[in-house]
Amino acid sequence: MEGQYLAALDQGTTSSRAIIFTPKGRLLASAAFEFAQHYPFPGWVEHEPEDLVTSTVKALRETVARAGIKPSQIAAAGIANQRETTLLWDRETGKPVCRAIVWQCRRTAPIIQRLKDEGLSPLIQERTGLVPDAYFSASKLRWLLDETGLQRKAEEGRFCFGTVDSYLSFRLVKGHPHVTDATNASRTMLFNLKAQDWDDDLLRIFNIPRAVLPRVVDSASVIGSLDPDILGAPVPVAALAGDQHAALFGQACFTPGDVKNTYGTGCFMLMNTGDVPVSNDKGLLSTMAWRVGGKPVFALEGSVFVAGAAIQWLRDELGLIKNAAESEELAAKVPDTGGVCFVPAFTGLGAPHWNMYARGTLVGLTRGTNRYHLARAALESIAFQSDDLLRLMAQSLGLAPGALRVDGGASANGLLMQMQADISGVPVLRPRVQETTALGAALLAGVGVGMFADPAAAVSALQADETAFRPRFSPEERSKARRGWMHAVDTALHWAKDTDLTPEEAASP
Ligand code: ADP
């Protein structure tokens, strides 16, 4: 077989990247291009759909050139994408009706509030695994159909809705398939996790015609081949997955209880829960891990709102450090925080506390507190918040994780990773290939074209050179550290109780 490499297209919120991997998962070449963000009004975020297409194609061509391979040597390509971002386009011409509404955009918050007021939250959560929020695509699509007056034409099948995977497939794949994969579908708030199909009740609630929706396909399946104009070869497109789901796959979290945490501006933690969606009442999302061979695998998902952002705060607002990496140097100068505990609840607290009134809290200061202690407390806050999620997931699934797999910008901080291992009491495993999202998309594509029945082999080769941080705390040290953290969180929540913020003020970032 001439094709032996795998290509990944990772279409993110701020940039589009492409990476070529060997079948063993080694990174051969990569390229990334940023594109413009549009903020037409406060709280609104948009992308120009054409920018998503052109930056992706440019990245792919550049990567192939850098890899020095012939396009015909690419066995398959997989797409991973920013999730929930919503597009609507003309089925005949492929032309979008307006810019894409990006996941972060808050314009549809009133639509969601109305549904909550009507008491629909339990139904939505039961069907989709999601807590109703403007992030997800359903309210964005409702808004688009209302604003453009295209409801009737959408009912006639003349327009297509899709998330970014759908739009890229429509534009880049020969024959213009209108498809999405199950992971992306699970972020629309219209997809029934158990039935693995669009939910008729939710379609009625949002007044969304089925004719506008894409066909839901497996995360690893050939949806067609790249338009030959793109690379000059008909490379099969064999995987679609939302970025966090692709990262879970790229981190080889194949068995229930396997869990990964991505440390960026915020943290995204996903745990494989096997062949059943696991519900919880503490605000974790139940979502797809992936669907391969018609078999759905589910996951729990939680996020930390302020993680790396706490380090940016030390840098930009306090001027304690010049760059994020310096936080490690500073924190390493002291053996502990000297009793200081920092809860970076800048925008409230998420799971398991869910309090939008909570605010950042710094406790335990003494005359001897210095910037080293503050840097250390900031790093610890990332580990403690992640540990809160990990505990909640383990509790919900009834399975203690054997390890925590990590990636993302802040996972470069070895001290932070050691803190995480100590606080959580599990080994923290950091792969050498940090491009786990792209790796996941590439491996899924390999599965999609039948290059390997089981990607475990490819991934175990990679895991040979990961870095392991082993827990060093005794059980007593662990529970003492946790008591300190919970006490500080209580203080933040207590502070919130007496607040005079209105709900609107509390909810605005
Ligand atoms: P995102 O994808 O959210 O933009 P990245 O994965 O690029 O995030 O990571 C950037 C974030 O990680 C920033 O918030 C930054 O402050 C933090 N960060 C990066 N390197 C380090 C480090 N060595 N130590 C601590 N935090 C870091």
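Residues numbered from 1 in each chain as written. Predicted model: local features only at pLDDT ≥ 70, side-chain atom pairs only at ≥ 80, totals over all residues. Heavy atoms only, no water.

Asks: Report on the overall build of the protein, specifying residues and quantitative values.
Replies: For the protein, the count of helices and strands is 18 helices and 23 strands. Its C-alpha atoms give the protein a radius of gyration of 23 Å, within 12% of the compact-globule value 23 Å for 509 residues. Structurally, the protein occupies a C-alpha span of about 70 × 55 × 40 Å along its principal axes. In the protein, which comprises 509 residues, the share counted as buried stands at 58%. (Helix = DSSP H or I, 4+ residues; strand = E, 2+ residues; numbered from the N terminus. Rg over C-alpha atoms; globule rule 2.2 N^0.38 Å. Buried < 20%, exposed > 50% of the residue type's maximum accessible area, 1.4 Å probe, protein only.)

Asks: Report on the pattern of salt bridges, specifying residues and quantitative values.
Replies: Enumeration according to the criterion identifies 27 salt bridges in this entry. A salt bridge links Arg204 to Asp201; the nearest nitrogen and oxygen atoms lie 2.7 Å apart. With Arg204 and Asp201 both in helix 8 (residues 200-206), this residue pair falls three residues apart, about one helical turn. In this structure, the salt-bridge partner of Asp218 is Arg291, at a minimum N-O distance of 2.8 Å. (Salt bridge = Lys/Arg side-chain N within 4 Å of Asp/Glu carboxyl O.)

Asks: Got a sec to walk through the packing of aromatic side chains? Specific residues and values, please.
Replies: Summed over all chains, the structure comprises 15 aromatic pairs. Arranged with centres 5.8 Å apart and planes meeting at 75°, the rings of Phe191 and Trp198 form a pair that is edge-to-face. Overall, the relative accessible area of 1% leaves Phe191 in the buried class. The structure contains a cluster of three or more aromatic residues connected by ring pairs, namely Phe41, Trp44 and Trp143. It is Lys58 that lies over the ring of Phe33; its NZ or CZ is 4.3 Å from the centre. Taking NZ or CZ as reference, Arg106 lies 5.2 Å from the ring centre of Tyr135, over its face. (Phe/Tyr/Trp six-rings, centres within 6.5 Å; stacked < 30°, edge-to-face > 60°. Lys NZ or Arg CZ within 6 Å of the ring centre and 35° of its normal.)

Asks: Describe the side chain of Ser219, naming the residues involved and giving the relevant values.
Replies: With respect to the helices, strands and loops of the structure, Ser219 is situated in the loop between strand 12 (215-217) and strand 13 (220-225). Residue class for Ser219 comes out buried when judged on its relative accessible area of 0%. Within polar-contact distance, the side chain of Ser219 engages the side chain of Asp181 at 2.9 Å. Apart from the residues lying within four places of it in its own chain, the contact partners of Ser219 are Asp181, Thr183, Ala238, Ala239, Leu240, Trp290, Arg291 and Leu444. (Polar contact = N/O pair within 3.5 Å; in protein donor to acceptor, adjacent residues only side chain to side chain. Contact = heavy atoms within 4.5 Å.)

Asks: Account for empty space enclosed by the protein, naming residues and giving values.
Replies: A full pass over the atoms with the stated rule returns three cavities of 30 Å³ or more. Contributing to the lining of the largest cavity are 15 residues, with Val304, Leu349, Gly350, Ala351 and Gln385 lying nearest its centre. Secondary-structure elements contributing two or more residues to the lining of the largest cavity are strand 18 (295-304) and helix 13 (371-397). Of the residues in the lining of the largest cavity, the class split is nine nonpolar, five polar and one charged. (1 Å grid on protein atoms, 1.4 Å probe; cavity = no way out; pocket = protein on both sides within 12 Å on 5 of 7 lines; lining within 4 Å. Points joined across faces, edges and corners; volume = space filled by probe spheres on them. Nonpolar A, V, L, I, M, F, W, Y, C, P; charged D, E, K, R; others polar.)

Asks: Provide a residue-level description of the site of the ligand, including the pertinent values.
Replies: By nearness alone, 14 residues border the ligand, and Thr265, Gly308, Gln312, Gly409 and Asn413 come closest of all. With respect to the ligand, the backbone of Gly308 contributes an N or O atom lying 3.1 Å from an oxygen atom. Between the ligand and Asn413 there is a distance of 3.0 Å, counted from a nitrogen atom to a side-chain nitrogen or oxygen. Here the ligand, which alone exposes 580 Å², has 66% of that area covered by the protein. (Near = heavy atom within 4 Å. Areas by Shrake-Rupley, 256 points an atom, 1.4 Å probe, with all protein chains shown as cover.)

Asks: So what's going on with the nonpolar core? Which residues, and what values?
Replies: Where a protein is soluble and globular, its nonpolar side chains tend to be buried together. Counting residues in each nonpolar core, the largest one holds 56 residues, and the members touching the most others are Tyr263, Val343, Leu379, Ile382 and Leu404. Here this core gets 13 residues from one element, more than from any other, and that element is helix 13. In contact with Ile382, other than residues within four places in its own chain, are Tyr263, Cys267, Ala307, Gly308, Ile311, Leu416 and Gln420. Of all hydrophobic cores here, the second largest spans 39 residues; its members include Ala134, Trp143, Leu150 and Met288. (Core = buried A, V, L, I, M, F, W, Y, C linked by side-chain atoms within 4.5 Å.)

Asks: For the layout of surface pockets, give the residues involved together with the corresponding values.
Replies: Size it by volume and the second largest pocket reaches roughly 620 Å³. Around the second largest pocket, the lining is made up of 26 residues, and of these Asp336, Thr337, Glu380, Phe384 and Ala481 lie nearest the centre. Secondary structure elements with two or more residues in the lining of the second largest pocket: helix 13, helix 14 (414-424) and helix 17 (475-497). The dominant element in the lining of the second largest pocket, judged by the number of residues it contributes, is helix 17, at eight residues.

Asks: I'd like a description of the side chain of Ser169, backed by residues and values.
Replies: Relative to the helices and strands, Ser169 is located in helix 6 (residues 164-172). Assessed through its relative accessible area of 0%, Ser169 is described here as buried. With sequence-adjacent residues up to four places away left out, Ser169 is seen in contact with Pro177, Val179, Ile223 and Leu240.

Asks: Residues and numbers for the packing of helix 1 (residues 49-67) against helix 6, please.
Replies: In contact at an axis separation of 11 Å, helix 1 and helix 6 are set at 65° when each is read in the N-to-C sense. One finds that helix 1 runs roughly perpendicular with respect to helix 6. As helix 1 runs across helix 6, the sense of the crossing is right-handed. Contact with helix 1, carried on its side by Pro49, Glu50, Leu52, Val53, Thr56 and Val57, involves Val164, Tyr167, Leu168, Arg171 and Leu172 of helix 6 and no other residues of that element. Considering only residue class, the contact of helix 1 with helix 6 consists of eight nonpolar, one polar and two charged. (Axes fitted to C-alpha atoms, helices over the stretch in contact; angles between N-to-C directions. Parallel < 35°, antiparallel > 145°, perpendicular 65-115°, else oblique. Left-handed = near helix turned anticlockwise from the far one by under 90°.)

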